[in-house]
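Remarks on the overall topology
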There are 2 protein chains.
Amino acid sequence: MKDYDLTREVSDKYSLRGRVFTKIRDDILNGVYKEHEELKEARIGKELGVSRTPVREALRQLELEGLVQIIPNRGAFVTGISAKDVRDIYMIRSRLEGLCARWACEHITREQLESMEENVYLAEFHAGKGHMEQMAELDNQFHHTLYRACDSKMLEHLLNDYHEYLLRVRKKALSSIDRGTASNKEHRSIMEAIRAGNADLAERLASEHMKNAYANMVSNGLYDLYGK
Amino acid sequence: MKDYDLTREVSDKYSLRGRVFTKIRDDILNGVYKEHEELKEARIGKELGVSRTPVREALRQLELEGLVQIIPNRGAFVTGISAKDVRDIYMIRSRLEGLCARWACEHITREQLESMEENVYLAEFHAGKGHMEQMAELDNQFHHTLYRACDSKMLEHLLNDYHEYLLRVRKKALSSIDRGTASNKEHRSIMEAIRAGNADLAERLASEHMKNAYANMVSNGLYDLYGK
DNA sequence: GTTCAGATGGGTGTATACAATTATACATGC
DNA sequence: GCATGTATAATTGTATACACCCATCTGAAC
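Everything numeric here is computed off the predicted structure, so don't read it as measured data.

This part covers the nonpolar core. Counting 120 residues, the largest nonpolar core has L39 and I194 of chain A together with L39 and I194 of chain B as its most contacted members. Among all residues touching L39 of chain B, those that are not within four sequence positions of it are I24, I28, Y33, I44, L59, V68, A76 and V78 of chain B.

All chains considered together, the criterion is met by zero disulfides over all chains. A disulfide-free cysteine, C105 of chain A has its sulfur positioned 10 Å from the sulfur of C100 of chain A, the nearest such atom. Lacking any disulfide linkage, C150 of chain B is separated from the closest cysteine sulfur, that of C100 of chain B, by 3.9 Å. By relative accessible area, which is 1% here, C150 of chain B ends up buried.

Let's shift gears to the protein's contact with DNA strand C. Residues in close proximity to DNA strand C total 20 residues, the closest being R56 of chain A together with L16, S51, T53 and R74 of chain B. Here, DNA strand C places atoms within 4 Å of the protein, and 70% of those atoms are sugar or phosphate. Taking S51 of chain B, its side chain carries an N or O atom lying 2.7 Å from a phosphate oxygen of DNA strand C. Within the side chain of N73 of chain B, a nitrogen or oxygen atom sits 3.3 Å from a sugar or linking oxygen of DNA strand C. Of all elements in the fold, only α3 (52–65) of chain A together with α1 (16–29) and α3 (52–65) of chain B reach the threshold of two or more residues within the surface near DNA strand C. Considered class by class, the residues forming the surface near DNA strand C number five nonpolar, six polar and nine charged.

Attention shifts here to the packing of helix α9 (residues 177–195) of chain A against helix α10 (residues 199–220) of chain A. Residue and element names in this part refer to chain A. For the pair α9 and α10, the least separation of the axes is 8 Å and the interaxial angle reads 165°. One finds that α9 runs roughly antiparallel with respect to α10. At the point where α9 passes α10, the crossing takes the left-handed sense. Listed contacts from α10 to R179, S183, E186, H187, S189, I190, A193 and I194 of α9 are L201, A202, L205, A206, H209, N212, A213 and N216. Among the residues making up the contact of α9 with α10, the classes are represented as eight nonpolar, six polar and two charged.

Moving on, we come to the packing of aromatic side chains. Residue and element names in this part refer to chain A. For the coordinates displayed, the defined rule picks out two aromatic pairs over all chains. Geometrically, the ring pair formed by Y90 and Y214 is tilted, given 5.5 Å between the ring centres and 40° between the ring planes. A residue pair is termed long-range when its members are at least 10 positions apart, and Y90 in helix α4 (residues 83–107) and Y214 in helix α10 qualify at 124 residues. Per residue, the accessibility class of Y90 equals that of Y214, and both read buried.

So, on to the domain arrangement of chain A. If you check the domain split of chain A, you get domain 1 (4–78) and domain 2 (83–225). For domain 1 of chain A versus domain 2 of chain A, the separation of C-alpha centres amounts to 28 Å.

Time to look at the environment of I28 of chain B. Residue and element names in this part refer to chain B. You can see I28 is positioned in helix α1. Under the relative-accessibility criterion, I28 is labelled buried at 2%. Between the C-alpha atom of I28 and that of A206, which follows or precedes it by 178 residues, the distance is 29 Å. The contacts of I28, once residues within four sequence positions are left out, are Y33, L39, L67, V68, V78 and R168.

So, about the pairing of strand β3 (residues 75–78) of chain A. Residue and element names in this part refer to chain A. Where strand β1 (residues 38–39) meets β3, two bridges bridge the pair, whose relative direction is antiparallel. When the sheet's bridge partners are listed, E38 is paired in β3 with F77. Pairing geometry for strand β2 (residues 68–71) and β3, over four bridges, is antiparallel. Across the sheet, I70 pairs through a bridge with A76, a residue of β3. Adjacent in sequence and paired antiparallel, β2 and β3 are bridged by three residues, among which N73 carries a positive phi angle near 65°.

In this section: the sheet that holds β3 of chain A. Taken in spatial order, the three strands of this open sheet run β1-β3-β2 (chain A), and their pairing is antiparallel. Looking at which strands have only one partner, the edges of the open sheet turn out to be β1 and β2 of chain A.

Residue and element names in this part refer to chain A. At their nearest, the axes of α4 and helix α6 (residues 132–149) sit 8 Å apart, and the two run at 60° to each other. If you check the angle between α4 and α6, you find them oblique. Seen from above, α4 lies across α6 with left-handed handedness. Together, R93, E97, C100, A101, W103, A104 and H107 of α4 and H143, L146, Y147 and A149 of α6 make up the contact between the two elements. Partitioned by chemical class, the residues of the contact of α4 with α6 number seven nonpolar, two polar and two charged.

Taken together, 20 residues sit near DNA strand D, with L16, S51 and T53 of chain A together with R52 and R56 of chain B positioned nearest. By atom count, sugar and phosphate contribute 67% of the portion of DNA strand D lying within 4 Å of the protein. Note that a phosphate oxygen of DNA strand D is positioned 2.6 Å from one of the side-chain N or O atoms of R56 of chain B. If you list the elements that add at least two residues to the surface near DNA strand D, you get α1 (16–29) and α3 of chain A together with α3 of chain B. Of the residues belonging to the surface near DNA strand D, the class tally is five nonpolar, six polar and nine charged.

In this section: the sheet that holds strand β1 (residues 38–39) of chain B. Strand order across the open sheet formed by three strands is β1-β3-β2 (chain B), with antiparallel pairing between neighbours. In this open sheet, the two strands that pair with only one neighbour each are β1 and β2 (68–71) of chain B.

Quick notes on the rules
- Residues numbered from 1 in each chain as written.
- Chains lettered and ligands numbered in written order.
- Predicted model: local features only at pLDDT ≥ 70, side-chain atom pairs only at ≥ 80, totals over all residues.
- Heavy atoms only, no water.
- Core = buried A, V, L, I, M, F, W, Y, C linked by side-chain atoms within 4.5 Å.
- Buried < 20%, exposed > 50% of the residue type's maximum accessible area, 1.4 Å probe, protein only.
- Contact = heavy atoms within 4.5 Å.
- Disulfide = S-S within 2.5 Å.
- Near = heavy atom within 4 Å.
- Polar contact = N/O pair within 3.5 Å; in protein donor to acceptor, adjacent residues only side chain to side chain.
- Helix = DSSP H or I, 4+ residues; strand = E, 2+ residues; numbered from the N terminus.
- Nonpolar A, V, L, I, M, F, W, Y, C, P; charged D, E, K, R; others polar.
- Axes fitted to C-alpha atoms, helices over the stretch in contact; angles between N-to-C directions.
- Parallel < 35°, antiparallel > 145°, perpendicular 65-115°, else oblique.
- Left-handed = near helix turned anticlockwise from the far one by under 90°.
- Phe/Tyr/Trp six-rings, centres within 6.5 Å; stacked < 30°, edge-to-face > 60°.
- Domains from an automatic or database assignment.
- Pairing = 2+ DSSP bridges.

Structure representation (structure tokens):
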């Protein structure tokens, strides 16, 4: 039998369900749907020109992604993210990114390391110019490369989940240019620790990188929008 | 608006879909369905006396739980767990259980602590008698109490996921009575560290507890069944 | 004014029909 | 013999119909 890919992802980007799933998901992450807003199957289906069936399936999946909550016989609602949830996720990520960096020391490929180097180099340029948009994109890229480099589908997928989950919050919490610069320096340190194969150091730096990102967010008070 | 529960769980235990979901899930965890076995909607529906609709929805959810993989237009297959996946999960859990124990130091309730004490006490009794069945059940219970005690829905849910995910493997890897005794001693240490409010110690002990559990599993060579 | 039974409307839950896709078997050509 | 094409069966993907559940409103009884 063929050796199928084991990661748990929403397959089938090209089916109706896949398209509906992606659409609703993006709308939630981009704030089109607010917290606790009800998502009615019929309305969404009508909007996208499909029947309720693929919409239902998409919603059921989004429930497990954590973006939607379904109450039996009542409906689907956009989940709220509390300040505590955000804090918890950052702390969970700090542990996991640390583990990820540790594993990356052993498993990173030449290409991945070069991609990281390029990323850090480029980010310095954009930081100097104050290009926030590009900084954010490069930040995403850096982390995805790191997740890749740990060579663990389990961990990579988990970290991707959380990373994307937080996009809802990060979209609002525009980080300052100062934080961007500091963050990129941390990226450089992490990369160098990995290149040197220093697993203990890499784990510690990556873990602290997350804690710093969270602390910055709190000090900016920007995610209070979501607090109760 | 009502303050709905935010955890991402499969709600609706009493709908057909909920029952189908639970049934298939249990069958996979109990080894009724083997790795890479195909799960056909029509057959399962017929067996359970329901139509394909709830079966489909259950399968789509199981996909995100990681127990099933769906290939578009092809079908649903039971996912395989490789030896590496098991190792990765144990390492991930070691970090997260550590974090969980740390948080429990601050948030554990009187009842939860008493439940842990009772658990450890009872486990000593069963260890002496060689009651493996009860030991396994108490082990599950201890961890669930710990997950509860950290007072984080995010972390609790994540750990529950992994815990249950590994049941497939643990069912086969019957641990020895020696490991049971050692494991329970570790439980006691963790509990005492939490009771003393020593977060650093609790985190370290809980983290090592997982690594030990994994090491024991490897030394018994029992999960090689799943290796490639 | 308050409470509660019943009607009602809007929504989800499930079954079923049909369309689209894929697997299988078999024939055909080289 | 082997590869390739084609017909057919089997299976999944989607639309639709209807049953069922629940929130809301109404009105009568008190």
